Structure formats: structure tokens, C-alpha cells
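# Structural description and commentary
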Amino acid sequence: MTPLSANEINGNWATLLLPLNADDSINYVQLEQEIDTLITFGVDGIYSNGTAGEFYNQTEAEFDGINELFAEKCNDAGMPFQIGCSHMSPKISLERVRRARLLRPSAIQIILPDWFVPSKTELTDYLQMIADAAAPVGLVLYNPPHAKKKLLPADFAAILNSGIPLVGCKVAGGDTQWYEEMKHLPQPFSVFVPGHQLATGISLGAHGAYSNVACLNPAFAQKWYDSIRKAEAAAFELEKRIQQFMSECIVPYIVNEGYSNQAVDKFMAAVGGWTSIDTQLRWPYRGIPAEHILPIREKCKNILPEVFQ
Ligand SMILES: CC(=O)N[C@H]1[C@H]([C@H](O)[C@H](O)CO)O[C@](O)(C(=O)O)C[C@@H]1O
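Throughout what follows, the structure given in this document is the object of discussion. Predicted, not measured: the structure shown is a model, and the values here were computed from it. (Residues numbered from 1 in each chain as written. Predicted model: local features only at pLDDT ≥ 70, side-chain atom pairs only at ≥ 80, totals over all residues. Heavy atoms only, no water.)

On to empty space enclosed by the protein, then. Within the structure shown, the criterion is met by one cavity of 30 Å³ or more. Taken as a whole, the largest cavity spans an internal volume of roughly 40 Å³. Around the largest cavity, the lining residues are L16, L17, L18, L31, N49, G53, Q58 and I66. Of the residues that constitute the lining of the largest cavity, the class distribution is five nonpolar, three polar and no charged. (1 Å grid on protein atoms, 1.4 Å probe; cavity = no way out; pocket = protein on both sides within 12 Å on 5 of 7 lines; lining within 4 Å. Points joined across faces, edges and corners; volume = space filled by probe spheres on them. Nonpolar A, V, L, I, M, F, W, Y, C, P; charged D, E, K, R; others polar.)

Quick look at the structure:
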């Protein structure tokens, strides 16, 4: 694919979940099916190696295996795609970027170095080197709520002012003031917020979501985004029910039972039932046991019947 500019990164992007066999090895057959299915659903884009793709827990050979397959399929289908080159280690990230660039992604995602918080100078040096290695492919900076350094709008402005060619970010969002400040960055910038806040987010100036709603059902999430784009009242009504489902059925797994975000993403995919990937996560993280799928699916059918239509 040709690299996307900031203005071209919009909408509903689906994550590639990592399919596993019982022995913790990668199930490449399911991975192929997953990529094919996501392409068929016609989402705005697909990205690999986010948290839900378990980027932090792959060997380099596995990283290459996943992303070569992913890139080949997306390039053949003309499907926009981003490769997550995020890693806690700056060196490993840089090597992943160098290899990923050759696979012609639409953009590359990275996180900041994650062992010791980098100073301002170190952060700039890091991003500059990564951006040089990625060029002409643009960088999307993934700054999740649990990152050791949380970037504020002023930090994004400083990064852009220092000449680093970031095209976008993937962040937890903020209040109306935060959206206002993100709207006034010094150059076009793609701001992606959490999936279940997309209608409100777009109305406040965001451009899309690397989306947990797409984990539940990518086609449903795409339809919802199309309605959001048209600013339909129904899109906001649906957002309320999506958030009701999240707070009643999903958040308790995180808050009360200590499951990880990636555990609930895989679980939501199993609840939505569009993929055969199960809820297991790679050691040492725990997946939500399969017996929880059907009861939550029943609740989901009540709150969000559209997911199953
Ligand atoms: C609520 C939501 O949409 N969560 C999604 C997050 C956010 O997009 C990101 O943390 C910015 O908030 O990204 C993922 O973890 C990821 O890329 O693997 C997938 C997950 O479904």
C-alpha cells in the first residue's frame, strides 16, 4: 500500500488478535482466516501487533511470520494496514520498524521506550531515529493509559514542532478541553480514541478508533462508524448501549477479576462469534474461560441485538 498521510487515517480500524494453539504456539491457519474475514468485512483498516495482538510476547521470527502474511494479504486486497512495531525495548522496536517498512504498510505504530521513562531529549532522539527508519511510511504513536509516560496535547505539539513526522496517535482521549487542544496541533494529525467512545469522540474532533467495538464484531463497528460519519442521532443512541454493555458485561472482568485489556478484547471477539479464535492469551497472562462466552452473549443480544444481525 502507499503510505497514508495524517488526513487519510480515519474511521474504524480492526486489530489483529493473536490466535493460539493449546500449547501457546501461534495458529497460523486461524490467523489467515482472521485476516481474510477482516478484509471481507470491509473495515476502514486493519492493524497488527497492538496490545490485543500480544506484540510484547512474540519472538522476532514470529513477528516476521505474522506480519509477512498480514502484509501480503492486505497489499493484494488493497486493504489499508498498519504494522505495530511497538516493543518495550527501543532496539527491538527499531529493528522491527526496519523490517516492517519493507512490507509496504500504510503506517507503522510504535510506543515509547518503556523501561525507564525517556527525558525530552531522549524521546526526541528516539522518535527521530524511528521516523528515519520508517520513512516514507508515517508513524502512529501508541500512548495507552498504562504507558509510563502519558503524553499531553502540549507534548504532541512539541514533538511535531521538533520536525518529527508523526501522522497520528492512538490514545485514551480526554475531556472537551483535551479535544480542543488536540484540534489545534501545528499540523494535520490523526487522533484515534477508544472504540466505545467513537461517536462522542468524532463529534469533538477525533478521526477514528483502533477499536474494541471492532473486536466484538468488525462489521457492526463499521456500520456504526458509517452512521457516526453521517452524524445520525441513532449513532449516539447506539453509543449509549455499547457503553452500557461495556460497563455491565466487560469492565467487571477487569475491575473485579483482574483480567487484562487484551483478555477482554479476545473475549469480546468470542462473544461476537465472528471468529474461531478462542479466549486464551499467551503465558503468563490469563484468558477469560470459555464458559463465560454464552451467558455474556445472551446479555449482549439483549443490549445490542445489532451485533448479531
Ligand atoms: C477501548 C479500546 O478501543 N481499546 C483498544 C485499544 C485502544 O484503542 C488504545 O488503548 C487507545 O485507547 O487498543 C488496543 O488495546 C490495541 O491496539 O491492541 C485494542 C483495544 O481494543
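Our next topic: the site of the ligand. Taken together, the neighbourhood of the ligand is formed by 15 residues, with Y47, T51, K170, G195 and Y210 sitting nearest. Within the side chain of Y47, one N or O atom sits 2.8 Å away from an oxygen atom of the ligand. A distance of 2.9 Å is found between an oxygen atom of the ligand and a backbone nitrogen or oxygen belonging to A52. Contact with the protein chains hides 90% of the accessible area of the ligand, taken as 460 Å² for the molecule alone. Here the ligand is seated within the largest pocket. (Near = heavy atom within 4 Å. Polar contact = N/O pair within 3.5 Å; in protein donor to acceptor, adjacent residues only side chain to side chain. Areas by Shrake-Rupley, 256 points an atom, 1.4 Å probe, with all protein chains shown as cover. Sits in = over half its atoms within 2 Å of the grid points.)

Locating V29 in the fold gives a position in helix 1 (residues 28-41). Each C-alpha atom of the pair V29 and P19 lies 8.8 Å from the other, and the pair is ten residues apart in sequence. (Helix = DSSP H or I, 4+ residues; strand = E, 2+ residues; numbered from the N terminus.)

One way to put it is that helix 3 (residues 90-101) packs onto helix 4 (residues 120-134) with a least axis distance of 8 Å and a crossing angle of 20°. Relative to helix 4, the element helix 3 lies roughly parallel. The handedness of the crossing between helix 3 and helix 4 is right-handed. Residues P90, S93, L94, V97, R98 and R101 of helix 3 touch helix 4, and the partners they reach there are Y126, M129, I130, A133 and A134. Per-class residue counts for the contact of helix 3 with helix 4 are eight nonpolar, one polar and two charged. (Axes fitted to C-alpha atoms, helices over the stretch in contact; angles between N-to-C directions. Parallel < 35°, antiparallel > 145°, perpendicular 65-115°, else oblique. Left-handed = near helix turned anticlockwise from the far one by under 90°. Contact = heavy atoms within 4.5 Å.)

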